[in-house]
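Secondary and tertiary structure notes
Single-letter residue listing:
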Amino acid sequence: MSGFAPIFVPAPLREAVSDEAWLRAMLEAERALARAEAGVGVIPEVGDEVFAADGFDAAALALAGRDAGNPVEPLVRALRERSEHVHHGATSQDILDTAAALVARKASALMESELDGVAAACARLADEHRASVTAARTLLQQAVPTTFGLKAAGWLVGTVHARQRLAAARLPAELGGAGGTLASLGDRGIDVLRGYSQQLNLPEPVLPWHTRRLPIAELGAALAIAAGFCGKIALDLELLAQTEVAEVREPGGGRSSTMPHKRNPVGSVLVRACAEHVHAAAGVLLRVEHEHERAAGAWHAEWKALSDALAYTGGAAARLRETLDGLEVDVERMRANVRAETLSEAERFASDAREPEDYLGAANAFVDRALGFYRGT
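So, a few notes on the structure that sits alongside this text. (Residues numbered from 1 in each chain as written. Predicted model: local features only at pLDDT ≥ 70, side-chain atom pairs only at ≥ 80, totals over all residues. Heavy atoms only, no water.)

Our focus in this paragraph is the packing of aromatic side chains. If you walk through the whole model with that rule in mind, you get 3 aromatic pairs. Ring geometry for Phe148 and Trp155: centres 5.8 Å apart, planes at 85°, overall edge-to-face. With respect to burial, Phe148 and Trp155 carry one shared label: buried. Aromatic pair Trp299 and Trp303: ring centres 5.0 Å apart, planes at 80°, arrangement edge-to-face. A residue pair is termed a helical-turn pair when its members lie 3 or 4 positions apart in one helix, as Trp299 and Trp303 do in helix H11 (residues 298–325) at 4 residues. (Phe/Tyr/Trp six-rings, centres within 6.5 Å; stacked < 30°, edge-to-face > 60°. Buried < 20%, exposed > 50% of the residue type's maximum accessible area, 1.4 Å probe, protein only. Helix = DSSP H or I, 4+ residues; strand = E, 2+ residues; numbered from the N terminus.)

Structure, rendered in structure tokens:
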């Protein structure tokens, strides 16, 4: 990640996808492999101290991995100075894909917590403002009356949906050996795969997914959807915060370097910027055309893209949560902005509605349905 990352991504998420986090995950994968193989008698037991991170430098390993095209090869060389029994029967992609699963699991837990916070804020706004009349806007024009509570309810349902999709996108362990056959493990390959997955508490794949990249693509899609929906909410907030509309104000900040009167919607701006980063990274993760049994370049492109997608999705959710938690809603301005012509549909259908409050249809019921969906009732 670049030096600008702290503007967009909180420290825990930056740490979760850092070079050091990837190094720890690779060592964890190697330790689990040794334990699984020792458990079925393929190799002697290897002490956990062999896999200690002490003495390893992530940046140095990356530099040393230029010749091999990945950081696992120099890591294994160094580990074999501690024990000759490490990395038995595995290939570099096994370790790096499994490390990706571990990194993604930790980062996903952080971003899911942030999405939970977004959902909670949306639920609060939906309930508090179920009677706060505003104009529904279609093609950026006032349409019919609605409530701000129903708008927030829409945000709520989308956030819960995105969070559920993300929780379901879990990368499995990876273990296939040189060509996906685990031939070097003889008739114990499946036993080792099962033990390896269990050691790591990762899903056990049906078979190696070296070039069957659907798990990565599904995770990339889930991240793009989550970040994108955060961006949708942020866009609504930006439009509502425009000077001429002024129906919401973001909490604090928003200072201009030259115009002291401005209160820019910085939270929403950064959410949308994060979403742009995620969309770019997800484009790499969605490329599933990997050749034969091991890809020549497409796999290598995934590593940074995955880190970026994880970090910036978390960044989008975190900043949106902060923004919604402190959002100022100007109910009086919302009502004042509703134009008389928003009742044109009511007049066309011979409704007896005389005020926007009289023409809200199922808005309140929809808020209840959204809150029930959120609460699982």
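Together, Leu140, Leu235 and Leu239 make up an exposed nonpolar region whose accessible area comes to about 260 Å². Here Leu235 lies in helix H9 (residues 214–240). Given the relative accessible area of 32%, Leu235 is considered partly exposed. (Patch = residues over 30% accessible without salt bridge, like charges linked within 9 Å, V, L, I, M, F, W, Y side chains within 5 Å. Areas by Shrake-Rupley, 256 points an atom, 1.4 Å probe, with all protein chains shown as cover. Salt bridge = Lys/Arg side-chain N within 4 Å of Asp/Glu carboxyl O.)

One can find Gly69 in the loop between helix H4 (58–64) and helix H5 (72–79). Overall, the relative accessible area of 27% leaves Gly69 in the partly exposed class. For Gly69 and Gly297, which are 228 residues apart along the polypeptide, the C-alpha to C-alpha distance reads 9.4 Å.

As a further point, take the state of the cysteines. Applying the stated rule across the entire model yields 0 disulfides. Summary of cysteine pairing: Cys122 is not part of a disulfide, and the nearest cysteine sulfur, belonging to Cys230, is at 8.9 Å. According to the relative accessible area criterion, Cys122 is buried, its value standing at 0%. Cys274 takes part in no disulfide bond, and the closest cysteine sulfur, belonging to Cys230, lies 9.2 Å away. We classify Cys274 as buried; its relative accessible area is 1%. (Disulfide = S-S within 2.5 Å.)

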